[in-house]
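Notes for the structure review
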Amino acid sequence: MSCRGVQKLLQGAGSGPAGWTRTPCCCRLRYGPCRARSGPGSGSGPGSGSGSMNVFNREMKRRQKNWAAVLQDGHQYDYLREEVKLGFGSVRFGIQVGSRVADRVYDVARSFPLVLDLGGGKSYIAEHLSKEVVQRLVLTDVSQQALKLGRRSDIPTRSVVADEEFLPFRENSFHLVVSSLSLHWINDLPRVLSEQIHRVLKPDGVFIGAMAGGDTLYELRCSLQLAQSEREGGFSPHVSPYTAVTDLGNLLGRARFNMLTVDVDDVQVHYPGIMELMTDLQGMGESNCAWNRRSMLHRDTMLAAAAVYKEMYGNPDGSVPATFQILYMIGWKPHESQAKPARRGSATVSFRDLAKVSRPDGADQS
């Protein structure tokens, strides 16, 4: 896909608001005064009166992902997004989230001329897709460093540095939007689903995504809270809040998606201890970036948390488990060609007659 083709999708291409610039490598966008962005000095911090939810420091998350992307051994932290098995005492099962999202794309019996990978980073989904299914791909992420390290695929791909909360694309642009493990860092998920993802989809387009769910890292959360309460007389959040699976269907429905599908995958990864888990989260770019986080923990609190973790959740071999709950979702943008529920009262068969359908002729009626 040519850079000119992407520019046609960008809102205001050639006539956009002042403050937008595009670099030749990836059509990078810098939002000017017309866009509200979360972060210090932007007027949209935790005390902003904008009226929208503002839980996460998006600028901090961008820096975390850029830092993680340039690590020399950064590939060893990709096991949540791709299939990798590593040693040094921990047992890590590659759950291949990118592959599982791609499997759901293949379940849709059609090809997609233009696809958006939202928060795709190093492009963990595209490597599992074929050119026959996805003809062109636009890959977006807040981290330019991650996009530079994107995996090669046969699909023509254009990378765009863009915030998931402010997609710079025209309405009704994409036939498919996919996302893998990035939406749990969104400040206002209902607004992003309705005003960003739903907006850029063409009618009868489909959104297929995966995100961390509410039970993710519950062992780490409980251990830190108990240890900090005992050592410091109170606790502050050290693990980011996540969306509950019971809320996800309602969120998709409020965003005007049809024919919804939501399923859950609970995976446990085993580590030597709490420090190895927290080191890996940092290497993934998944450190906490909530505005109300505490930047440091006391040494005594960390030692107590490690002891609590092993006592409450430890395995007989000395390792500790960490649960990652992955929520998969599918939703369709409405179109007149889609199947619709029948009019109330239009049924011609009673539920009482269903038992007769499979009953052999002459069977005992008693």
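Above this text you will find the structure in question.
Per-chain numbering applies: the sequence of each chain, read as written, is numbered from 1 onward. Under the rules for a predicted model, residues below a pLDDT of 70 receive no local features and side-chain atom pairs below 80 are neither given nor counted, while totals for whole chains, interfaces and linings still include all residues. Only hydrogens and water are set aside; all other atoms, that is, all heavy atoms of the structure, feed into the side-chain values.

Attention now goes to the overall build of the protein chain. Runs of H or I in DSSP of at least four residues are treated as helices and runs of E of at least two as strands, each being numbered from the N terminus. Secondary structure assignment for the protein chain yields ten helices and seven strands. Here the protein chain holds 366 residues, and the buried ones make up 49% of them. Residues count as neighbours in contact if any of their non-hydrogen atoms are within 4.5 Å of one another. Relative to all contacts within the protein chain whose residues are 6 or more apart in sequence, the contacts with residues 24 or more apart total 73%. Note on areas: Shrake-Rupley with a 1.4 Å probe; residue coverage comes only from the protein chains shown. When the accessible surface of the protein chain is totalled, it reaches about 17800 Å², and 51% of it is carbon and sulfur. Burial here depends on accessible area, computed with a 1.4 Å probe over protein chains only, as a share of the maximum for the residue type. Under 20% is buried, over 50% is exposed, and the range in between is partly exposed.

Our focus in this paragraph is the packing of helix 8 (residues 274-284) against helix 9 (residues 299-313). One can describe the packing of helix 8 onto helix 9 by two numbers: an axis separation of 9 Å at closest approach and a directional angle of 105°. Considered as vectors, helix 8 and helix 9 are oriented roughly perpendicular to each other. Across the interface between the two elements, I274, M275, L277 and M278 of helix 8 pack against M302, A305, A306 and Y309 of helix 9. Grouping the constituent residues of the contact of helix 8 with helix 9 by class yields eight nonpolar, no polar and no charged. In this analysis an axis means a line fitted to C-alpha atoms, helices contributing only their contacting stretch, and an angle means the value between N-to-C directions, from 0 to 180 degrees. An angle counts as roughly parallel when it lies under 35 degrees, as roughly antiparallel when it exceeds 145, as roughly perpendicular when it falls between 65 and 115, and as oblique in every other case. For this scheme, ten residues count as nonpolar: Ala, Val, Leu, Ile, Met, Phe, Trp, Tyr, Cys and Pro. Four count as charged, namely Asp, Glu, Lys and Arg, and the remainder, Gly too, count as polar.

Generally, phi is negative for residues other than glycine and the peptide bonds are trans, each holding for most cases. Of note, the phi angle at L181 is positive, near 60°, even though the residue is not glycine. Mapped onto the elements, L181 comes out in the loop between strand 4 (174-180) and helix 5 (189-200). Positive phi outside glycine occurs at M259, with the angle close to 45°. Positionally, M259 belongs in strand 6 (residues 258-271). A relative accessible area of 41% places M259 in the partly exposed class.

Here the focus is the packing of aromatic side chains. For any pair of aromatic rings, the description rests on two quantities: the centre-to-centre distance and the angle between the ring planes. Only Phe, Tyr and Trp rings are paired, with Trp represented by its six-membered ring, and only when their centres lie within 6.5 Å; those with planes under 30 degrees apart are stacked, over 60 edge-to-face, the remainder tilted. A complete count under the given rule lists five aromatic pairs for this structure. Ring centres of F56 and W185 lie 5.3 Å apart, and the angle between their planes is 75°; this geometry places the pair in the edge-to-face category. You can see F56 sitting in the loop between helix 1 (3-9) and helix 2 (58-69) and its partner W185 sitting in the loop between strand 4 and helix 5, a full 129 residues away along the chain. For F56, a relative accessible area of 3% translates into the label buried.

Turning to the nonpolar core, a few remarks are in order. Residues belong to a common nonpolar core when they are buried Ala, Val, Leu, Ile, Met, Phe, Trp, Tyr or Cys residues joined through side-chain atoms within 4.5 Å. I208, L217, L220, Y271 and F324 are the most contacted members of the largest nonpolar core, which has 49 residues in total. Among the elements that make up this core, the one with the highest residue count is strand 7 (residues 320-332) (seven residues).

Our focus in this paragraph is helix 9. Multiplying 1.5 Å by the residue count of a helix minus one yields the expected span of that helix. A rise of 1.5 Å per residue sets the reference length of helix 9, with its 15 residues, at 21 Å; its end C-alpha atoms lie 21 Å apart and thus fit the reference within 8%. Looking at helix 9, one finds that the buried residues are T301, M302, A304, A305, Y309 and Y313. Summarising the axial view, the buried residues of helix 9 lie within an arc of 160°, below the 170-degree limit, and thus occupy one face. The exposed residues of helix 9 that point more than 90 degrees off its buried face are R299 and E311. Buried residues along helix 9 sit against helix 6 (218-232), helix 8 and strand 7. Read the arc as the range of directions from the helix axis to the C-beta atoms.

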